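Structural description and commentary
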Amino acid sequence: MVDIHCHILPEVDDGAWDLEASLEMVRIAVRCGVRRIIATPHFKGVPASLEQLPDIYRQFRMLEGAIRREGLALELLPGAEVLCVPQTLELARRGQLPPLGESRYVLVEFYFDASREFLDVTLEELCRCGYTPIVAHPERYGAVQRDPDLTGRWFRRGVVLQINKGSVLGAFGRRAEETALRLLHRGLAHVLASDAHSPEHRTTDLSLVRRWARENLGREYAKLLLEDNPGCIARGEPVHRAHRRD
């Protein structure tokens, strides 16, 4: 499996608090069959946040070296989870948003109460700037919970939709769970990811959600969500669509 959304870097956000916590997150991931993780620390999408990137990459290299020294069978790739605010488009037009790996994919999040108009305009402009936006946990946004069909327009536009394992397993409340299930059963989701923050809570263990996906969506769709599409993203290749379910 490949996990494209993970707060595994030490001491850069509300994820792993030190290097040992990061390494334990790696060990948990490896034990459940994850072989590649894209590190996605929070990045506030304003020009001043560019000053944060050298620290992020420094911590990335430190963790990457520690993984290698311990002989853990996991590849780490750099990335970020970009919080979209009005100033974010200024960075996008300059080509300064931190991508996932060396791709043109950019993982984006929004405030949970963001308006549908802001979501639409921002995603459309990111596409126009040459990025392929991956919307982190769309099932947690109020606008999507009120109108899950909103994601259909994004899907048709080529926007990638990433569902959190915690939403599927009921960790973020009933509305997030119901919205996640609706998107998955309609084939509107491309990726399942951990959005892990620690080795103790919201972990890198994807085994439960893999089992759930196989039992409820079928082995083919589960593989697409946890292996094929996240692997395509890590390699900078186009993702595949699931067969639509109604």
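Now for a description of the structure that goes with this document. Computed from a predicted structure; not experimentally measured.

1. Remarks on the packing of helix H9 (residues 207-217) against helix H10 (residues 219-235)
- Viewed as axis vectors pointing N to C, H9 and H10 meet at an angle of 140°, and their least axial separation amounts to 7 Å. Here H10 runs oblique to H9, going by the angle between their axes. For the element pair H9 and H10, the recorded crossing hand is right-handed. Contact residues: Val209, Arg210, Ala213, Arg214 and Leu217 in H9; Arg219, Tyr221, Ala222, Leu225 and Leu226 in H10.
- Of the residues in the contact of H9 with H10, the class split is 7 nonpolar, no polar and 3 charged.

2. Looking at the pattern of salt bridges
- All chains considered together, the criterion is met by 18 salt bridges.
- Glu90 is the partner of Arg94 in a salt bridge, and the nearest nitrogen-oxygen pair spans 2.5 Å.
- Overall, the relative accessible area of 49% leaves Arg94 in the partly exposed class.
- Note on Glu90: relative accessible area 30%, which makes it partly exposed.
- We note a salt bridge from Arg93 to Glu125, for which the minimum N-O separation is 3.2 Å. You can see Arg93 sitting in helix H3 (residues 88-93) and its partner Glu125 sitting in helix H4 (residues 116-128), a full 32 residues away along the chain.
- The class of Arg93 is exposed, set by a relative accessible area of 54%.
- Residue class for Glu125 comes out buried when judged on its relative accessible area of 12%.
- Via salt bridges that share partners, Glu20, Glu24, Arg27, Arg31 and Glu70 belong to a single interconnected network.

3. Brief notes about the packing of aromatic side chains
- Summed over the entire model, instances satisfying the criterion amount to 3 aromatic pairs.
- Between Phe110 and Tyr141 the ring centres are 5.9 Å apart and the planes differ by 90°, which places this aromatic pair in the edge-to-face class. A residue pair is termed long-range when its members are at least 10 positions apart, and Phe110 in the loop between strand S6 (105-109) and H4 and Tyr141 in the loop between strand S7 (132-136) and helix H5 (142-146) qualify at 31 residues.
- Using a relative accessible area of 0% as the deciding quantity, one classes Tyr141 as buried.
- In textbook terms, an aromatic cluster arises when at least three aromatic residues are bridged by ring pairs, as seen for Phe110, Phe112, Phe118 and Tyr141.
- Arg104 extends its terminal NZ or CZ atom over the ring of Tyr131, reaching a point 4.3 Å from the ring centre.
- One cation-aromatic arrangement involves Arg140 over Phe172; the distance from NZ or CZ to the ring centre is 3.8 Å.

4. Notes on the sheet that holds strand S4 (residues 75-78)
- Taken together, 3 strands build an open sheet; the order of strands is S1-S2-S4 and the sheet is parallel. Every other strand in the sheet has two partners, leaving strand S1 (2-6) and S4 as the edge strands with one partner each. Direction aside, the axes of adjacent strands within the sheet are offset by 20° on average.
- Where strand S2 (residues 36-39) lies against S4, 4 bridges are found, and the strand directions are parallel. What sits directly across from Ala39, in S4, is Pro78.

5. Observations regarding the side chain of Ser103
- Residue placement: Ser103 occurs in the loop between H3 and S6.
- Taking the relative accessible area as the measure of exposure, Ser103 reaches 8% and is therefore buried.
- In this structure the side chain of Ser103 is engaged in a polar contact, spanning 2.6 Å, whose partner is the backbone oxygen of Leu100.
- One polar contact links the side chain of Ser103 to the main-chain amide nitrogen of Tyr105, over a distance of 3.0 Å.
- Non-local contacts of Ser103, meaning those with residues more than four positions away in its chain, are made with Ile233 and Gly236.

Scoring rules and cut-offs
Residues numbered from 1 in each chain as written. Predicted model: local features only at pLDDT ≥ 70, side-chain atom pairs only at ≥ 80, totals over all residues. Heavy atoms only, no water. Axes fitted to C-alpha atoms, helices over the stretch in contact; angles between N-to-C directions. Helix = DSSP H or I, 4+ residues; strand = E, 2+ residues; numbered from the N terminus. Parallel < 35°, antiparallel > 145°, perpendicular 65-115°, else oblique. Left-handed = near helix turned anticlockwise from the far one by under 90°. Contact = heavy atoms within 4.5 Å. Nonpolar A, V, L, I, M, F, W, Y, C, P; charged D, E, K, R; others polar. Salt bridge = Lys/Arg side-chain N within 4 Å of Asp/Glu carboxyl O. Buried < 20%, exposed > 50% of the residue type's maximum accessible area, 1.4 Å probe, protein only. Phe/Tyr/Trp six-rings, centres within 6.5 Å; stacked < 30°, edge-to-face > 60°. Lys NZ or Arg CZ within 6 Å of the ring centre and 35° of its normal. Pairing = 2+ DSSP bridges. Polar contact = N/O pair within 3.5 Å; in protein donor to acceptor, adjacent residues only side chain to side chain.

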